[in-house]
Amino acid sequence: MNILVIAELHDGSLRKSTHSAITFARQVGAPFSILVIGSGTQNAATDAAAFGAQKILVADDASLKDPLAERYAPVVAQVAKAGGFDVVAVTASSYGKDLAPRVAAKLGAGYATDISGVKNEGGKLTFKRPTYAGNAFGYAEVQTPVKLVSVRQSEFAAAEPSGGASPVEKVAIPAADPAASRVEFISLEAAKSERPDLGEARVIVSGGRALKERFAEVLDPLANLLGAAVGASRAACDAGYAPPELQVGQTGRVVAPQLYFAIGISGAIQHLAGMKSSKNIVAINKDPEAPIFQVADYGLVQDLFTAVPELITELKKG
Amino acid sequence: MKVLVPLKRVSDPDNANKIKIAGGKVDTTGLEWKPNPFDEYAVETALRLTENGTNPKKREGEVIVVTFGPKETEMTLRAALATGADRAIRVDAKDEDLDGDLVARALKAIVEKEKPDLVLAGKQAVDGDSNQVGQLLAEYLGWPQATFAGTIKSEGDKSLVVGREVDGGTLNVRVHLPAVVTVDLRIVAPTSVTSIHTPPTHKYADGVRFAALMAIMAAKKKPLVELKLADLAPDAALKIKYTGFEPPAARKAGVKVKTVGELVQKLKTEAKVI
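A quick note: this is a predicted structure, and the numbers were derived from the prediction, not measured.

To continue, consider the environment of A:I34. Residues and elements named next belong to chain A. Residue placement: I34 occurs in strand β4 (residues 32–38). C-alpha of I34 to C-alpha of A73: the two residues are 39 residues apart in sequence and 15 Å apart in space. Residue contacts for I34: discarding those within four places in its chain leaves V5, A7, I22, A48, A53, K55, I56 and L57.

Next comes the structure, spelled out in structure tokens:
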């Protein structure tokens, strides 16, 4: 067996989500290579070379500057075919989820999304994946010779470098698909934040609709103090109290930090689906019946507008 | 503009915690069926793109809804017809005989016959959570895609400018039609969809529209055809098979703390996370 890990890049470096996909490859226990796609990928390729991969395959071209599935999929499919890879692993991020199905279609491969575990029994792979907002876990077998998976960052710890330097090899850039000529990249409006990414944060301070217009005013000081990322429930995002990219849940980001603060969040199924794997969950809500208390390690029944400032004062005492 | 919207019924996502697992299988008996919320958003988006929002009864184009399922799923199609879709197609199939890839291949055959300008799909079904049919279909058709759309600005039958909700921000693309677009939650906000028919100052109500009683009656007369899966996708072999299901591991019961001071103490000494 032979695994191809598709790196996800951000500003020319590997995203941490890539490290989780590498952990997946290590758990399968088969040789793996890493494919780095983009323009100006030198740093990412060098970083990727330290994880014990057989090869770092680099597709570097001006036409690959912007992450468009119509341009990336032909590259991935060609590399997968040429290298005889049996498993292609992408990150279960918006990047991986946009790209992987097009690759699967090109390779005639089955695609298991958002996998949270893998079993390798004598070369036979079974993928564990959440369904019904994480209320059931299915064990999926991909029936095709080549298998695509997207790897959930929250369930596979980030791989640490294993030392050494894998050989780096340039790959030929295939001719673009006709579809590529019918999509134009216009811009990426990155959310401006000094805070860590939700997928990578050790601590997340998340707020719900109860915060109303005071969402940032109340949560930012706590997040700043803890060096935390800020998250939000869907209700808070839908009501416009928090921007959409902060949404944690089935339909937003799936996270698993060391410490998760759910503040003024009632705990709808869809939200729980995105944060239940957090190592320690703290819930602050004035409604003692809120479902969030059923998953919280520490629950505090108190009005958040008094509890959060008090919490900040208490933490500052050291 | 002619828009095709694939539509799936799912067990009520608000009751997903009532999912029973018996003998390694998911048992959905007793659960209420609803249209997949993202697909409802896709229908709403299709309606907004093919009307003048100030006169939504007159369609400036055509919206066709398609579902895969047994006879009962025609209720889901009729509901979409009642909100304004023009006609419907049901592909007769059982849920257990389908996977995302088979649905995408069958949809390809329908698209080739219907020749829509646009396929608008939900980004994922909230039961299987697989998030792949739209992208697979785009590749099978050789069309461009714009996934996870939070905003769409129509440039008529030629192109769309789509604001894609990606991790950490918005990625704006222009897709030249025909194309596949999958929609995210915020596509149904009041000004997320801009068509060439609706005055730019028009604001929609937040969310999807409800059908009036008259429209529900009228929808019974709208065309609904049944197709056979085997005619659309002769190779019915599934690419994904499930060997079993299990419930998630239960979290250990937590404790309630009485004061902020006690909380901080526990986080420091017990959980050791701050």
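Here we come to the domain arrangement of chain A. All names here are of chain A. Domain boundaries assigned for chain A yield domain 1 (3–182) and domain 2 (203–317). Spacing between the C-alpha centres of domain 1 and domain 2 amounts to 32 Å. Taken together, the six residues of domain 1 in the interface contact eight residues of domain 2. Of the roughly 570 Å² buried at the junction of domain 1 and domain 2 (both faces included), carbon and sulfur atoms supply 49%. Looking only at domain 1, the three residues that lose the most surface to domain 2 are A133, R152 and S154, adding up to 70% of its buried area. Here domain 1 and domain 2 share zero salt bridges between them. Split into classes, the residues belonging to the side of domain 1 that touches domain 2 amount to one nonpolar, three polar and two charged.

The next thing to look at is the UniProt feature "domain: Electron transfer flavoprotein alpha/beta-subunit N-terminal" (unreviewed entry) in chain B. The sites that carry the UniProt feature "domain: Electron transfer flavoprotein alpha/beta-subunit N-terminal" (unreviewed entry) are, in the present numbering, residues 23–236 of chain B. In this annotation, residues 23–236 of chain B is assigned 27% helix and 29% strand; the end-to-end C-alpha distance for the span is 26 Å.

Another point: the interface of chain B and chain A. Opposite the 81 residues of chain B that make contact, chain A presents 89 residues. Contact between chain B and chain A buries roughly 7100 Å² in total, counting both sides, with carbon and sulfur atoms accounting for 53%. In this assembly, chain B and chain A are joined by eight salt bridges. At the boundary of chain B and chain A, one finds 47 residue pairs in polar contact (both at pLDDT 80 or more). It is strand β11 (residues 169–176) of chain B that provides the largest number of residues to the side of chain B that touches chain A, a total of eight residues. Note: strand β13 (residues 183–190) of chain A against β11(B), seven bridges, orientation antiparallel. Bridge assignment links A:F185 to a residue of β11(B), and that residue is B:V173.

Gaps left between atoms show up when a probe the size of a water molecule is rolled over them. All names here are of chain A. Its volume calculated, the second largest pocket comes out at about 1200 Å³. Examining the composition of the lining of the second largest pocket, we find that four residues originate from one element, helix α4 (residues 94–107), more than from any other. Broken down by class, the residue content of the lining of the second largest pocket amounts to 24 nonpolar, 10 polar and 15 charged. Each of domain 1 (3–182) and domain 2 (203–317) accounts for three or more of the residues forming the lining of the second largest pocket.

Basis of the calculations
Residues numbered from 1 in each chain as written. Chains lettered and ligands numbered in written order. Predicted model: local features only at pLDDT ≥ 70, side-chain atom pairs only at ≥ 80, totals over all residues. Heavy atoms only, no water. Helix = DSSP H or I, 4+ residues; strand = E, 2+ residues; numbered from the N terminus. Contact = heavy atoms within 4.5 Å. Domains from an automatic or database assignment. Buried area = accessible area lost by both parts, 1.4 Å probe. Salt bridge = Lys/Arg side-chain N within 4 Å of Asp/Glu carboxyl O. Nonpolar A, V, L, I, M, F, W, Y, C, P; charged D, E, K, R; others polar. UniProt positions renumbered as here; feature names shortened; annotations may be inferred. Polar contact = N/O pair within 3.5 Å; in protein donor to acceptor, adjacent residues only side chain to side chain. Pairing = 2+ DSSP bridges. 1 Å grid on protein atoms, 1.4 Å probe; cavity = no way out; pocket = protein on both sides within 12 Å on 5 of 7 lines; lining within 4 Å. Points joined across faces, edges and corners; volume = space filled by probe spheres on them.

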